[in-house]
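Per-entry structural report
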Amino acid sequence: MAFQRRRNHYYHRFRYLLPAISIVSGALLVFLAVLSFLAPYPVDSDYPGYRVHRHTSSFNVGTDDAIGAPPVFRVPNNGRRSDRDLWTSRNSKFFHGCSNASNKFLKAEAITHPNRYLAIATSGGLNQQRTGITDAVVAARILNATLVIPKLDQKSFWKDASNFSQIFDINWFISTLAKDVKIIKELPRKGGKTWTPYTMRVPRKCSERCYTNRVLPVLLKRHAVQLNKFDYRLANRLDTDLQKLRCRVNYHALKFTDPIRKMGEKLVHRMRVKSKHYIALHLRFESDMLAFSGCYYGGGDKERKELGAIRKRWKTLHISNPDKERRHGKCPLTPEEVGLMLRALGYGSDVHLYVASGDVYGGEETLAPLKALFPNFYSKETIATKEELESFSSFSSRMAALDFIVCDESDVFVTNNNGNMAKILAGRRRYFGHKPTIRPNAKKLYRLFLSKDNMTWEAFISRVRTFQRGFMGEPNEVRPGRGEFHENPATCICEDSVPKEKRDTGSRKYGKGNNSTKKDEVFDDQNVDDDPEWPDTEEDDNHSGLGIGLDYDTVNSEEPELEDMLSD
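Residues numbered from 1 in each chain as written. Predicted model: local features only at pLDDT ≥ 70, side-chain atom pairs only at ≥ 80, totals over all residues. Heavy atoms only, no water.

One way to put it is that helix H17 (residues 396–409) packs onto helix H18 (residues 420–431) with a least axis distance of 10 Å and a crossing angle of 40 degrees. As far as their axial angle goes, H18 and H17 are oblique. Relative to H18, H17 is oriented so that their crossing is right-handed. Contacts between H17 and H18 involve Asp-403, Phe-404, Cys-407 and Asp-408 from the first element and Met-421, Ile-424, Leu-425, Arg-428 and Arg-429 from the second. (Axes fitted to C-alpha atoms, helices over the stretch in contact; angles between N-to-C directions. Helix = DSSP H or I, 4+ residues; strand = E, 2+ residues; numbered from the N terminus. Parallel < 35°, antiparallel > 145°, perpendicular 65-115°, else oblique. Left-handed = near helix turned anticlockwise from the far one by under 90°. Contact = heavy atoms within 4.5 Å.)

Within soluble globular proteins, side chains that are nonpolar generally end up buried alongside one another. One finds Leu-118, Leu-147, Phe-164, Phe-173, Tyr-211, Leu-227 and Phe-256 to be the most contacted residues of the largest nonpolar core, which totals 71 residues. Three or more residues apiece are contributed to this core by two domains, here domain 1 (108–255) and domain 2 (259–285 + 332–495). If we skip the residues at most four places from it in the chain, Phe-173 touches Ile-133, Val-137, Ile-149, Phe-164, Ile-183, Val-249, Ala-253 and Leu-254. Residues Val-338, Tyr-347, Leu-353 and Leu-367 belong to the second largest nonpolar core, which totals 50 residues. (Core = buried A, V, L, I, M, F, W, Y, C linked by side-chain atoms within 4.5 Å. Buried < 20%, exposed > 50% of the residue type's maximum accessible area, 1.4 Å probe, protein only. Domains from an automatic or database assignment.)

Now for the state of the cysteines. Counted under the stated rule, the structure contains 4 disulfides. Put simply, Cys-98 and Cys-494 are joined by a disulfide, and their sulfur atoms are 1.8 Å apart. Disulfide Cys-98-Cys-494: torsion about the S-S bond near 90 degrees, hence right-handed. Of this pair, Cys-98 sits in the loop between strand S3 (95–97) and helix H2 (108–111) while Cys-494 sits in strand S14 (residues 493–495); the two residues are 396 residues apart in sequence, bridging distant segments of the chain. Take Cys-98: its relative accessible area is 10%, and that puts it in the buried class. For Cys-494, a relative accessible area of 26% translates into the label partly exposed. The disulfide partner of Cys-295 is Cys-331, and the S-S distance across this bridge is 2.0 Å. Handedness here is read from the sign of the S-S torsion; for Cys-295 and Cys-331, about -95 degrees, the answer is left-handed. (Disulfide = S-S within 2.5 Å.)

One open sheet holds the 5 strands; their spatial order is S6-S5-S4-S8-S7, and the pairing between them is parallel. For this open sheet the edge positions go to strand S6 (183–184) and strand S7 (198–200), each flanked by a neighbour on one side alone. Sheet analysis places strand S4 (residues 117–120) next to strand S8 (residues 224–227), joined by 4 bridges and oriented parallel. Counterpart to Leu-118 in the pairing with S8 is Val-225. Here helix H3 (residues 126–142) sits on the sheet and contacts S4 and strand S5 (146–148); the angle it forms with S4, its principal contact strand, is near 160 degrees. (Pairing = 2+ DSSP bridges.)

Moving on, we get to H18. Its 12 residues give H18 an end-to-end C-alpha distance of 17 Å, which sits within 8% of 16 Å, the value for a rise of 1.5 Å per residue. The buried fraction of H18 amounts to 12 of the 12 residues, a majority that puts the element mostly inside the structure. Within the span of H18, buried status applies to Asn-420, Met-421, Ala-422, Lys-423, Ile-424, Leu-425, Ala-426, Gly-427, Arg-428, Arg-429, Arg-430 and Tyr-431. One or two steps after H18, the chain reaches Gly-433, where phi turns positive at roughly 135 degrees. (Expected span 1.5 Å × (residues − 1).)

To continue, consider the pairing of strand S9 (residues 278–283). For S9, the tally of buried residues reaches 6 of 6 residues, placing the bulk of the element in the interior. Relative to strand S10 (residues 352–357), S9 runs parallel, the two being bridged by 6 bridges. Note that in S10 the partner of Leu-283 across the bridge is Ser-357. With 4 bridges connecting them, S9 and strand S12 (residues 412–415) associate as parallel partners. Bridge pairing links His-282 to Thr-415 in S12.

Here the focus is the packing of aromatic side chains. By the definition in use, this model includes 13 aromatic pairs. Ring geometry for Phe-285 and Tyr-297: centres 5.0 Å apart, planes at 75 degrees, overall edge-to-face. Taken together, the residues span a long stretch of sequence, with Phe-285 in the loop between S9 and helix H10 (287–293) and Tyr-297 in the loop between H10 and helix H11 (300–311) at a distance of 12 residues. These aromatic residues form a ring-pair network of at least three members: Phe-164, Phe-168, Phe-173, Phe-256 and Phe-404. Across the ring face of Phe-105, the terminal group of Arg-141 is positioned such that the distance to the ring centre comes to 3.7 Å. One cation-aromatic arrangement involves Arg-326 over Tyr-297; the distance from NZ or CZ to the ring centre is 4.8 Å. (Phe/Tyr/Trp six-rings, centres within 6.5 Å; stacked < 30°, edge-to-face > 60°. Lys NZ or Arg CZ within 6 Å of the ring centre and 35° of its normal.)

Below, the discussion takes up unusual backbone geometry. Its identity is not glycine, yet Asn-144 carries a phi of approximately 55 degrees, on the positive side. You can see Asn-144 is positioned in the loop between H3 and S5. One non-glycine residue with positive phi stands out, namely Lys-229, at about 45 degrees. Mapped onto the elements of the fold, Lys-229 is located in the loop between S8 and helix H8 (240–253).

This part covers the pattern of salt bridges. In the structure shown here, the tally under the stated rule is 21 salt bridges. Residue Arg-204 is joined to Asp-231 by a salt bridge in which the shortest nitrogen-to-oxygen separation is 3.4 Å. Remark: Asp-231 occurs in the loop between S8 and H8 and Arg-204 occurs in the loop between S7 and helix H6 (208–214); sequence separation between them is 27 residues. Of the two residues, Arg-204 and Asp-231, both sit in the buried class. Between Asp-411 and Arg-272 there is a salt bridge, with the nearest N and O atoms lying 2.5 Å from each other. Here Asp-411 is found in the loop between H17 and S12, whereas its partner Arg-272 is found in helix H9 (residues 258–274), with 139 residues between them in sequence. The network of salt bridges with shared partners includes Arg-204, Lys-229, Asp-231 and Arg-233. (Salt bridge = Lys/Arg side-chain N within 4 Å of Asp/Glu carboxyl O.)

Our focus in this paragraph is the environment of Gly-346. Mapped onto the secondary structure, Gly-346 falls in the loop between helix H13 (335–344) and S10. Sequence separation of Gly-346 and Arg-465 is 119 residues, and the distance between their C-alpha atoms is 9.3 Å.

Before going further, it helps to examine the packing of H3 against H18. The geometry of H3 relative to H18 is characterised by a closest axis approach of 8 Å and an angle of 55 degrees between their N-to-C directions. Here H18 runs oblique to H3, going by the angle between their axes. Our pair here, H3 against H18, has a crossing hand that is left-handed. Only Asn-420, Met-421, Ile-424 and Arg-428 of H18 make contact with H3, whose side of the interface consists of Asn-127, Gln-128, Arg-130 and Thr-131. A class-by-class count of the residues in the contact of H3 with H18 yields 2 nonpolar, 4 polar and 2 charged. (Nonpolar A, V, L, I, M, F, W, Y, C, P; charged D, E, K, R; others polar.)

Structure, rendered in structure tokens:
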């Protein structure tokens, strides 16, 4: 009987407990269903924080956080005070450009052999061709040959029909270098007929011995040789006098034509009227650039399909790993990321920003966050009329030259890549005054951008300024010999024990000065490769390594060539 009573007691307890468990379970299921319904759909992006296709940015500008709310990544309207002068480089007054030839460097008339002519066919866009022209003069000097005015690339991606004299002042070029290399406008006629030179190519980074062994025997036999696809075909390290000759060519002899120079100066003046200081941003974020880089920016299947189709143009490209490319700092920063970096470095929303770019992938939607950070946003198209640009707009190299001038004259130059224009301007700004030239430390910034929504703005500022040390264009940031010589012309930069008074460098711009004493003031050292994060890229014709340090218009001479996409 006792057993039966205990059994009935437990039965009645479980009879009331089971409905209670069912009710609780049902309520939990309903709660989970509602939560699932309200939760946002998963984002199709392997890289949170790198989305390009979005209408809203991933930050708030100038708004206050709600009391008691979790921390919000909020960008204030004004830049926080920096421990450095935002518009100058430290110790720049102790450095100056120096490219005069030594006494042992014989005059051209003493070393040039008769009946030896070197012709050059350059490759790529404006700035890649500029490196080829510079190196062509040195190659002619090595071969003791007369240089024929280089032919510009008119058949590549850009289809720009401009010749040398339509971009550069040809007479100035010839006269400025008269003591170094004999230069003529065209080959002399042979037997009353047009002389067709023997064509050949040399390996990338060909040394003095390479030219002596490969080209000189052909030149002695044929008397006229044309080197095709001449870009980065000269060694990075040469004899001191040859390096200084490179500088005389690049920084003094190559002067834009009067129409280009005057229009460029007009654009600079208009930026100066708007503000005492301005930043110039060379923004490489065109679809071709992104396709070649192999990077992914969170645009889903649409982005993969569009960029994948463009990528097929280059048959020699290997299949890339977007995550690996980004981890290694080889992906161009998005416009938003560049803006956040600049604001973290102390540049406020009132700063005037000139942007040199082609057609940005994603259009205005991609640019919107950058414009929110820097409302004073300009380009040559917004500060010049269509009529003013009419004589330039059909020629990509002439449009690129205008951007080159405005970027060169800017108080601060910043880039989201390490392409040809970025390198050329970095070296030029070192030589002519070490003005701040900011290169993003993409390898370190990559993870910071991914995690920024989980930190305060103050913490973000601290990290950015720490990561950007050594990437701000200060003197001696980069060891001599690191990076491309065009980016780090260390041989042509001299240091003084006491600061020199600034000389008038107004005539130096765009190659106006006729000797190095006109441009003997240098202040900065920008973004050359002093670290392994931005690899040396011009290693061979196949370009096995990709990334933003890569000049991707040189992958294959039979495939479409792309360069500084400043205009289409």
